[in-house]
Amino acid sequence: MASSIAVAQVRPVNPALQFLKIVPGVLLLAAVGYAGKLLEANVGKYAKAHHWTFPNIEYVLWAILLGLAISNTVGVPEIFRAGVATYEFWLKAGIVLLGARFLLGDVLKLGGTSLALVGIEIVGAIAFMTFLGRVFGLKPKLTSLLAVGSAVCGVSAIIATQGAIEADEEDSSFAIAAILALGALSLFTFPLIGHALHLNDHAYGVWSGLAVDNTAEAAAAGGLYSDAAGKLAVLTKTTRNALIGFVVLAYAFYWASRGQAQAVGNKAKFLWQKFPKFVLGFLIISTLATAAFFSKEQIGALANLSRWAFLLTFAGVGLRTNFKALSKQGLKPFAVGAIGEVAIAGFTLGLVLAAQRIFGW
Amino acid sequence: MSEQRQALAPVKQRGFSIDAWAVLLAFVLAALVRAGVFKHIPW
């Protein structure tokens, strides 16, 4: 995830000034997202009134397409960039609020199934990416970064691992570019494959959460299919995110044992530092909803707040994706990432189809 | 990509992380909904 990009742009300056700096970009996110929502509501109506055949395109795709159009034509002017980088912040707030739509029992049940699938996915993805990195002759630490990025959690996992294994910044940039480019491609390919295979919302949502690496793209890929698929994609991806600390810790141990990174001192502190706190927030809100702390109307209101937060996120996914910049990052890491992602997508699809049979989704 | 390179420079965090701020905002919004300040959120 690109959260660290947003974090990194925050410099120790006057907080009020910092706040003012993000306002234009947040307004741009809101404008692009809302335009997507208006297009969803009106394009279909217009087409119907004129007897045109036009597919029903959801606001998620409109918002992403509008963002992509801006980013890849006129570009995002400097004044908006700090605010656009906050899209991950809205994503995390949206996920916490989404907790209101899950009863804790469902979270534990779905999360338990997801956890088993995530465990298999992580082991398989790391093993395969490591193998590919060796075949293509990539630097070992770059291979580690690509493996973590594709196995767990995209950009945030790469940045967390970079610090822990003392990898080069250049390697991290390569790995991040590969993961971002492939995440953007998944937005267009996953729904097509899902429809072609007639996957139901449950199976498709779990598959998106397992196979798409960046949380924003996973949520978007799920949301592009249906609201229910989006919910499950977020839950499955959140389960993956929860494991980030363990994977980074394992890599830190591995590189420290080879004398190429500092040894980890306090392991519990390390795990807590790497643990995504929004996962806890999600569970707390879910627990409160289960305990009837919120009325039905209030849960509806929280769900809508979550949707507004995701709207800003989806606009940000389009606005921060610049294909020209991503294509400059070199072919080899991208090739390894692409081959690995296709294999992981196929592998996780097989897992999901098997789970669908076993659990009767 | 220069933005990403900048991003990868070690950042010493002061106070809350972005994660924690996002959780805090969500909790505040949930509390306001629970207290009836926001009765209906349209979509």
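Focus on the overall build of chain B
Now for step 1: Scanning chain B from N- to C-terminus turns up two helices and zero strands.
Now for step 2: Residue burial in chain B is summarised as follows: out of 43 residues, 26% are buried.

Some points on the confidence of the model for chain A
Now for step 1: Confidence in the prediction for chain A averages 85 pLDDT; 96% of positions are at 70 or higher.
Now for step 2: Within the model, pLDDT remains below 50 along residues 1-10 of chain A, and this stretch shows 36 contacts once partners closer than five positions in the same chain are excluded.

Concerning helix α17 (residues 331-359) of chain A
Residue and element names in this part refer to chain A.
Now for step 1: Given a rise of 1.5 Å per residue, 29 residues ought to cover 42 Å, and the 41 Å separating the end C-alpha atoms of α17 matches this to within 8%.
Now for step 2: Taken together, the buried positions of α17 are occupied by P333, V336, G337, G340, E341, I344, A345, T348, L349, L351, V352 and A355.
Now for step 3: Buried positions along α17 lie against α6 (104-135), α7 (140-165), α8 (169-196) and α9 (201-211).
Now for step 4: Just beyond α17, the residue with positive phi is G360, at close to 65 degrees.

Focus on the nonpolar core
Now for step 1: Counting residues in each nonpolar core, the largest one holds 123 residues, and the members touching the most others are A:A63, A:V96, A:L97, A:V148 and A:A220.
Now for step 2: In this structure, A:A220 is in contact with A:V60, A:I64, A:L187, A:F314 and A:V317, ignoring residues within four places of it in sequence.

With respect to the environment of A:M129
All names here are of chain A.
Now for step 1: The topology assignment puts M129 in helix α6.
Now for step 2: Taking the C-beta count within 10 Å as the criterion, M129 has 27 such neighbours and is therefore assigned buried.
Now for step 3: Along the primary structure M129 and R240 are separated by 111 residues, whereas in three dimensions their C-alpha atoms are 17 Å apart.
Now for step 4: Apart from the residues within four sequence positions on either side, M129 is in contact with T143, L146, A147, S150, A151 and G340.

A look at unusual backbone geometry
Now for step 1: At A:H51, a position not held by glycine, the phi torsion is positive, near 60 degrees.
Now for step 2: Overall, the presence of 6 C-beta atoms within 10 Å leaves A:H51 in the exposed class.

Here we look at the confidence of the model for chain B
Residue and element names in this part refer to chain B.
Now for step 1: Taken as a whole, chain B shows an average pLDDT of 76; of its residues, 65% reach a score of 70 or greater.
Now for step 2: Scored below 50 in pLDDT, residues 1-12 shows 23 contacts in the model against residues more than four places distant or in partner chains.
Now for step 3: Scored as a whole, the predicted complex attains pTM 0.75, and scored at its interfaces, ipTM 0.75.

The rules behind each value
Residues numbered from 1 in each chain as written. Chains lettered and ligands numbered in written order. Predicted model: local features only at pLDDT ≥ 70, side-chain atom pairs only at ≥ 80, totals over all residues. Helix = DSSP H or I, 4+ residues; strand = E, 2+ residues; numbered from the N terminus. Buried ≥ 20, exposed ≤ 12 C-beta atoms within 10 Å, placed from the backbone. pLDDT = per-residue confidence, 0-100. Contact = placed C-beta atoms within 7 Å. Expected span 1.5 Å × (residues − 1). Core = buried A, V, L, I, M, F, W, Y, C linked by C-beta atoms within 7 Å.

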